[in-house]
Amino acid sequence: MVRSGEGPNMGILHKTHPLSIKSILLLQILTSFPCTLSQGNRPPYITSDLKEISGKSFNYIIVGGGTAGCPLAATLSEKFSVLLVERGGSPYEDPLVMDRKYYGFSLLNTDEYSSVAQSFISGEGVTNHRGRVLGGSSAINGGFYSRASADFVKRVGWDVELVEDAYRWVESRVVFPPELTPWQFVAEFGFLEAGIFPYNGYTLEHLEGTKIGASVFDSYGTRHTSADLLEAGHMENLTVLVNSTVRNLLFCNHSNNNETRACGITFIRSNGSLEESYEAYLNYANDSTLFGEVILAAGSLGSPQMLLLSGIGPPEHLKKFNISLISDLRGVGRGMQDNPCMALLADAKPQDRLPEPPVVAGIAHDLKFIIEAGILPISLNATRMPVAVKYAFPASRGRLKLNSTDPRQNPMVTFNYLSKEEDMKACIEMAQLLQSVVRSQAISLFLGVEHKEDELSGEEELAEFCKQNVRTFYHYHGGCGVGSVVDEDYRVYGVKGLRVVDGSTFLESPGTNPMATLMMLGRYQGIKILRERGQFGASNTQDHP
């Protein structure tokens, strides 16, 4: 879900002072529920001691403990030693992440180095967020779980049977059928009243019509992020380093044909100095087939940013930051895309309701439009009820560039929302659908609010509404696209021992919500890598010679 913007019957969800929200909420939680923080104990394989890891070597180093990185690490640890490096902390001690009744509060509490959500603003001025916590954006989103469509799986060329197995592996651990609240029932009827048929009931599939999706919140209201998937790994082979930011990749030459190969990482404390850095390495063997790999799973902003910081990208851009060129790969940072979103507020004014993630979705116009409704906090004691719709297949694309050589700083990203004529036409249709839902009898009767006076009509008025109110659905992707930066096995062109496995490789956002497919992708690619190296056994973590 997205926070609504200004426009007819719309309002900005104002950002209050983040420290006061966090401190007051935590005080209330500790007072009312003294055991809340102790329920999520940090697993033994998680450490924040950088010196403990410094100088050691592993079969695989995964940069980014997010939605795809965690299942990937768990899978590879079944046979190989794995270091998973996450710039944020553990989610298990944070009730704003773990408890459904505090859904949305993590987006109101952002800071430079430590908040679980890191905000950024695109070149167009659209505010967005990225996860900065073990579990990534699966720890801060609405938790809506829905698979990619069969057509998507076919288009990207994945193994259908392995995809099914990987989805089921995820679903057996962190996915639950939701309980519909009155508001979700009403939203469901509103979608149907607006003509979003057929009614598909509860399903994990991405289908035309109105459906109930699955959730990563269980029946007790506890969130299960992708970090929970680490529990399926081999504990003796798995090391998770949190509160640590990778500064750049290390490269070396161990072959006679002068190939460039990734051989490790340089990392820093996330709230520390850039000058105080540490290194970790890949296990080395004379036979190159035994050499390990660095795998980027840092997300659609983090992975292209890391390639650029490490000297992989357009030479003219790297030269501006005095970064030595490792590989001239001009596709890095290109093809950035975000699904444009429109939102209307269904309620007439702020109320003090319990926050509520969406569990019902309307999927319309040949899967082009996806609409959801939720309840989001705007302050400690006030919420709003936005209904939001996204366009699934935008043609507009943008670019990511470095803003600094500090990996903790957001890169610059422009998505070029609605810059293509076909996207603007789709947005006008989308706005009309949104109005139909918000003005439905079901929603009007439930809230006692009529929105007829706010109705927009005419193509010019609707187009202006789109320009002024375009928002994000938080499903941005691209920057390391398959075919331009990585091959079909997610190996980075021109560099050995380096892959990217996350949403930056997507050319479109899969399914109702990409979270399910990103979790699946981590497991899927992990299995494929294990199959490639199936004849080799595990080796333990070593001290680098």
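For the structure given in this document, a descriptive report is provided here. Because the structure is a prediction, the values reported are computed rather than measured.

### Side note on the pairing of strand S24 (residues 386-391)
- Here S24 lies mainly inside the structure; six of its six residues are buried.
- The two faces of S24 match: Pro386, Ala388 and Lys390 on one face and Val387, Val389 and Tyr391 on the other face are all buried.
- The pairing of strand S19 (residues 340-345) with S24 spans five bridges and is antiparallel. Paired with leucine 345 across the bridge in S24 is proline 386.

### Details of the pairing of S19
- With six of six residues buried, S19 lies mostly within the body of the structure.
- Of the two faces of S19, the one holding Pro340, Met342 and Leu344 and the one holding Cys341, Ala343 and Leu345 are both buried throughout.
- One ladder, built from two bridges, connects S19 with strand S27 (residues 471-472); its direction is antiparallel. Among the inter-strand pairings, cysteine 341 is bridged to a residue of S27, identified as arginine 471.

### Topic: the nonpolar core
- Counting residues in hydrophobic clusters, the biggest one holds 149 residues, and the most contacted among them are Trp158, Trp183, Ile265, Val294 and Leu498.
- For isoleucine 265, the residues in contact, after removing those within four places along its chain, are Ile61, Val63, Leu83, Val85, Val246, Asn248, Leu249, Leu250, Tyr278, Glu279, Ala280 and Val294.

### Some thoughts on the sheet that holds strand S3 (residues 60-63)
- Read from one edge to the other, the open sheet built from six strands follows the order S1-S11-S4-S3-S15-S28, with strand pairing classed as parallel. Edge strands, defined here as strands with exactly one partner in the open sheet, are strand S1 (46-47) and strand S28 (498-500).
- Both strand S15 (residues 293-296) and S28 contribute to a ladder of three bridges, which runs parallel. Bridged to isoleucine 295 within S28 is arginine 499.

### A few points about unusual backbone geometry
- Cis geometry marks the peptide bond from phenylalanine 197 to proline 198, where omega comes out at -5°.
- Locating proline 198 in the fold gives a position in the loop between helix H8 (182-193) and strand S8 (199-202).
- A positive phi is found at aspartate 366, a non-glycine position, where the angle reads about 60°.
- Position of aspartate 366 relative to the elements: it lies in the loop between strand S20 (360-364) and strand S21 (369-373).

### Things to note about the packing of aromatic side chains
- Within the structure shown, the criterion is met by 11 aromatic pairs.
- Taking 5.9 Å as the distance between ring centres and 25° as the angle between the ring planes, the aromatic pair formed by phenylalanine 267 and tyrosine 278 counts as stacked. Of the two residues, phenylalanine 267 sits in strand S13 (residues 261-269) while tyrosine 278 sits in strand S14 (residues 277-282), which places them 11 residues apart along the sequence. Across this residue pair, the class does not change: phenylalanine 267 and tyrosine 278 are buried.
- Members of the aromatic cluster, joined through ring pairs, are Phe120, Phe415, Tyr417 and Tyr476.

Cut-offs applied
- Residues numbered from 1 in each chain as written.
- Predicted model: local features only at pLDDT ≥ 70, side-chain atom pairs only at ≥ 80, totals over all residues.
- Heavy atoms only, no water.
- Buried < 20%, exposed > 50% of the residue type's maximum accessible area, 1.4 Å probe, protein only.
- Helix = DSSP H or I, 4+ residues; strand = E, 2+ residues; numbered from the N terminus.
- Pairing = 2+ DSSP bridges.
- Core = buried A, V, L, I, M, F, W, Y, C linked by side-chain atoms within 4.5 Å.
- Contact = heavy atoms within 4.5 Å.
- Phe/Tyr/Trp six-rings, centres within 6.5 Å; stacked < 30°, edge-to-face > 60°.

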